[in-house]
Amino acid sequence: MFPFLRKQADAQAASKGNQPAVLFKTAIRIRSRASHNATEGVPWIWVCAGALVTILLLIAALFGVIISQATSALWPHSVVRIQQDQQTVIGVAMRQEEGTDPQTNERQMRRLVYQANRDFGINEFTFIPSAKLAGAERPASLWFVERREWGPFIGRIQTADPATAIDIDEKTVSNLVNEAAMRAAELRKIEKGPLADLNASMEEIRLDKKKIERLLETGKISEDDAAAKHAELDKQLTESLKSHAFLTEKVQQLRSVDEAIKVTLLAPNGQSKTIPASQIMRAYQPNSINIIQRMGLFFGRLWSFVSEEPREANTEGGVFPALFGTVAMTILMTLFVLPVGVMTAVYMREIAKQGFLVSLVRIAVNNLAGVPSIVYGVFGVGFFCYSVGATIDQLFFQDKLPNPTFGTGGVLWASLTLALLTVPVVIVSTEEALTAVPRSLREASYGCGATRMQTLWNIVLPKAMPGVMTGLILAMARAVGEVAPLLMTGVVKLAPALPVDTHFPFIHLERSFMHLGFHIYDLGFQSRSTELSRPMVFASTSLLVAIVLFLNFIAIKIRSELRKRFEGRGAF
Amino acid sequence: MLSPADLPPSFLHPECRAKPAQISIQDFNLWYGKSQALFNINLPILQHEITSFIGPSGCGKSTLLRSINRLNDLIDNVTVGGDIRMGERSVYERHLDVTSLRKRIGMVFQKSNPFPMSIYENICYPLRISGINQRSTLDEAVETSLRSAALWEEVKDRLKRSALDLSGGQQQRLCIARAIAGNPEVLLMDEPCSALDPISTAKIEELILEMRGRFTVVIVTHSMAQASRVSDLTAFFYLGRLIEAGPTQRLFENADCKATQDYISGRFG
């Protein structure tokens, strides 16, 4: 036998003999410590488990508060009547708190009572000692009326003529309200349909005229042509005006019919007000309805909340535009962030030569995730709105100037800004997913004679897709909740129109939009009365949370489908 | 005391030059960074014969195998010297299209690595990347290669199912089917049975034997018994050097080099 071979064998034997021995020693040391002091590791397990439970409880509590408050905001509560200081207080009992009695200066528990009836000279909110509430009456004849203007009303509904006023029975009220709703729907159909179309086409004619003048000035068309075109446009305009007048008259007619049907609202303080029945959106007698009717009302109000437009400076009505804006913006952001983030990560991990420069870029990307979101907002408004947008306006929307089209905040710029904000998350998680693709798969593909791009496209990217989805979920969750950058790049308190409608080109990405996050901020801190908007704040918050959960649910579902497909059931 | 540099020069039995070589490895050297892994390898690989590479771990046999289809290009810092020729052309030619080279050389790896796709798509992969998408061609190729890999009867009813649902042995046979689907001239096998149970191993060895005469097969193996069962020619490597190459029977019964004898008889390694 060769001596060198023996040496090699000896060395191998030595290493084989040694290594397990070392391992063994370590194992013994660990075990002996554990057995000598059996409780040593246990407190740490308890501390960690406790931390987990605490966090879970806190999250559950947060969700509980939000959802219970939101439910309470939409629930048709009963109305109480209490005598207090020779005054009758009628309203909905709300939260309880400890306060000081103004007369006796004693600390006592008291309940906040919502009296509504803002336009009848009644304070909307008053405090009642909790003790008094126990024996409160609940008169069955009282109505709770949701109105288009002036907020809710609590009191009696009577026939319109004050001289012969008598209470209207429940059936008549509901008939009145339903008929009014049908008329309102008809009106709305005209206003949002043909009338809106006419307005849009008249605006187009105005722009066309402006364009002709511009072309004339620059000498691109002759004066004769311009005059002919002007005449043509004028003719169109006259026709439009004619149909506009016709439609307006029709609207006026419907309105006058509407105005004629009136009811009188009699407030508990004796004041009354006669209003068109169409002002009433929903009316019910909260003390005489049973639980099933109450549930029905609850779901009706829930549906109104998610499907209607806001009223009364957003403190009432629904949040549909905000809901739509939030979802549209998030989806739009996803469309931008996914390809850009994935392509960046693919370049950095798969194509670029790993070295100083790539490391530098990687650090920069990671740091981008730490930049305050307001800074992104400032960048967005400066770069997207005022640079890119203004240039687009100069090139394509000259006739509308000085009114900006793209040169101001809009849903496109907002989602691009958010895409910028969330792209680091997508890049980092995509890179991780790419790194985790087993080398053996790449080798198999190269071994078959695939090019780098074929391997990337057919093997590596599909395998990395679940990881990419994880990044996308995180990015979406962050984007939905982000408000600060939107303040500057296109969010408004009340958007005149949705970014999607029936007018060409149907999707209007330049339009400003409403967003639930901003809606919450606006209601909670910028509205006339925080107490009044409080229920809406909670309802909007739970809706936002629900959207986040829903979007995440979809993404997680897609991810698990991908996982199933790419990992198979019988794992390696 | 003998250092690696004092190893005897490679001994090539005359049988290694008896037929025209499909691949001829000439003065081949390879470095990972600064450490040299292969030293002056000279070895012809004969057409349509089965050649096995044996030797202890780390002796460079897998590295040499992966040099043939230039899979080592994927690793940073690899430099090569000398030449590997396939037919008239050098594998390391400057303007050679590596992908077309790899299409002529199928490869089976140590760990079965089916793609996370259906069985059907796994087999189609080499064809699809060559731009063949015609349904009838693909169907035919799938059936032929699965039959060659003795897998057809087992999977013909579930071609659309994920390849990852197959057992370990079936997965490896699928990889063999995939490797031969593109009709390569050479089949490289890097310890194809090391992760398999004896029955699966036997099946794959049977397959390899059936391939004699159709493909030029190079198989790296740790199992001496396997080398003696399946190969026509055997090459023994040690410390990055080719020690001896010749007819399998000769090497196993009466090797010329002492080191080969010691290794084969199990006295080291």
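Residues numbered from 1 in each chain as written. Chains lettered and ligands numbered in written order. Predicted model: local features only at pLDDT ≥ 70, side-chain atom pairs only at ≥ 80, totals over all residues. Heavy atoms only, no water.

Bringing the overall build of chain A into the picture now. Within chain A, the secondary structure is distributed over 15 helices and 11 strands. Taken along the three principal axes of its C-alpha coordinates, chain A extends 125 × 90 × 45 Å. Taken across its 572 residues, chain A has 41% of its residues classed as buried. Pairs at least 24 apart in sequence give 67% of the contacts found in chain A among residues at least 6 apart. About 31,600 Å² of surface is accessible on chain A, with carbon and sulfur atoms providing 63% of the total. Taking the average place of the 59 positive charges on the side chains of chain A and the average place of its 51 negative ones, the gap between the two points comes to 13 Å. (Helix = DSSP H or I, 4+ residues; strand = E, 2+ residues; numbered from the N terminus. Buried < 20%, exposed > 50% of the residue type's maximum accessible area, 1.4 Å probe, protein only. Contact = heavy atoms within 4.5 Å. Areas by Shrake-Rupley, 256 points an atom, 1.4 Å probe, with all protein chains shown as cover. Lys, Arg positive; Asp, Glu negative; His and termini not counted. Charge placed at Lys NZ, Arg CZ, Asp CG, Glu CD.)

Residue and element names in this part refer to chain B. Spatially, the 4 strands line up as an open sheet ordered 3-2-5-6, and their pairing is antiparallel. Looking at which strands have only one partner, the edges of the open sheet turn out to be strand 3 (35-46) and strand 6 (89-90). Note: strand 2 (residues 21-32) against strand 3, 8 bridges, orientation antiparallel. Bridge assignment links L30 to a residue of strand 3, and that residue is L38. Lying over the sheet, helix 1 (residues 61-68) contacts strand 2, strand 3 and strand 5 (78-86), oriented at roughly 120° with respect to strand 2. (Pairing = 2+ DSSP bridges. Axes fitted to C-alpha atoms, helices over the stretch in contact; angles between N-to-C directions.)

Here we take up the state of the cysteines. Using the criterion set out here, one finds 0 disulfides over all chains in the structure. This cysteine, C448 of chain A, is not joined by any disulfide, and C175 of chain B carries the nearest cysteine sulfur, 8.8 Å off. Free cysteine C59 of chain B: the closest other cysteine sulfur is in C257 of chain B, separated by 15 Å. We classify C59 of chain B as buried; its relative accessible area is 1%. (Disulfide = S-S within 2.5 Å.)

Moving on, we come to the nonpolar core. In this structure, F305 and L516 of chain A are the most contacted members of the largest nonpolar core, which totals 51 residues. When residues of this core are traced back to their parent elements, those giving at least two are helix 2 (42-74), helix 6 (291-307), helix 7 (320-351), helix 10 (411-436), helix 12 (452-481), helix 14 (516-526) and helix 15 (530-567) of chain A. For this core, the element with the highest residue contribution is helix 15 of chain A, accounting for 10 residues. Counting 42 residues, the second-largest nonpolar core is a separate cluster that includes F53, L65, L71 and M117 of chain B. (Core = buried A, V, L, I, M, F, W, Y, C linked by side-chain atoms within 4.5 Å.)

Residue and element names in this part refer to chain A. In space, the 5 strands of this open sheet follow the order 8-7-6-5-9, with antiparallel pairing throughout. In this open sheet, the two edge strands, each paired with only one partner strand, are strand 8 (272-276) and strand 9 (280-284). Neighbour-to-neighbour, the strand axes of the sheet open up by a mean angle of 45°, direction not taken into account. Both strand 7 (residues 262-266) and strand 8 contribute to a ladder of 5 bridges, which runs antiparallel. Residue pairing for strand 8: K262 is matched across the bridge by P276.

Here the phi dihedral of W150 of chain A falls at roughly 70°; this positive angle occurs in a residue that is not glycine. As for its placement among the helices and strands, W150 of chain A is situated in the loop between strand 5 (143-147) and strand 6 (153-159). A residue is classified by how much of its surface remains accessible, and W150 of chain A, at 41% relative accessible area, is partly exposed. Of note in this structure, E191 of chain B is not a glycine but carries a positive phi near 45°. Inspection of the secondary structure puts E191 of chain B in the loop between strand 8 (186-190) and helix 7 (198-211).

The next thing to look at is the pairing of strand 5 of chain B. Each regular strand carries side chains that alternate between the two faces of the sheet. All names here are of chain B. Across 8 bridges, strand 2 lies against strand 5 in antiparallel orientation. Pairing of Q26 across the sheet is with D83, part of strand 5. Judged from the 2 bridges that link them, strand 5 and strand 6 form a sheet pairing that is antiparallel. Among the inter-strand pairings, M86 is bridged to a residue of strand 6, identified as R89. Counted between consecutive antiparallel strands, the loop separating strand 5 from strand 6 contains 2 residues, among which G87 sits at a positive phi close to 65°.

Residues and elements named next belong to chain B. Of all the 8 residues making up helix 1, 7 are buried; the element is thus mostly covered by neighbouring parts of the structure. Every buried residue of helix 1 is accounted for by K61, T63, L64, L65, R66, S67 and I68. Taken from the residues just after helix 1, R70 is the one with a positive phi, measuring 55°.

Turning to the confidence of the model for chain A, a few remarks are in order. With 92% of its residues at a pLDDT of 70 or more, chain A has an overall mean of 83. Counted against residues more than four places away or in other chains, residues 1-5 of chain A, with its pLDDT under 50, gives 14 contacts. (pLDDT = per-residue confidence, 0-100.)

Here the focus is the side chain of T260 of chain B. Assignment of secondary structure puts T260 of chain B in helix 10 (residues 258-264). Those residues in contact with T260 of chain B that lie beyond four places of it in its chain are F236, I243, E244, L251 and A255 of chain B.

Residue and element names in this part refer to chain B. With 5 of 5 residues buried, strand 4 (residues 50-54) is to be regarded as a mostly interior element. What you see with strand 4 is no split at all: I50, S52 and I54 on one side and T51 and F53 on the other are buried throughout. Pairing analysis gives 4 bridges linking strand 4 to strand 9 (residues 216-220), with the strands arranged parallel. Residue T51 lies in a different strand from strand 9, and its bridge partner there is V218. Across 4 bridges, the pairing between strand 4 and strand 10 (residues 233-238) is parallel. When the sheet's bridge partners are listed, S52 is paired in strand 10 with T234.

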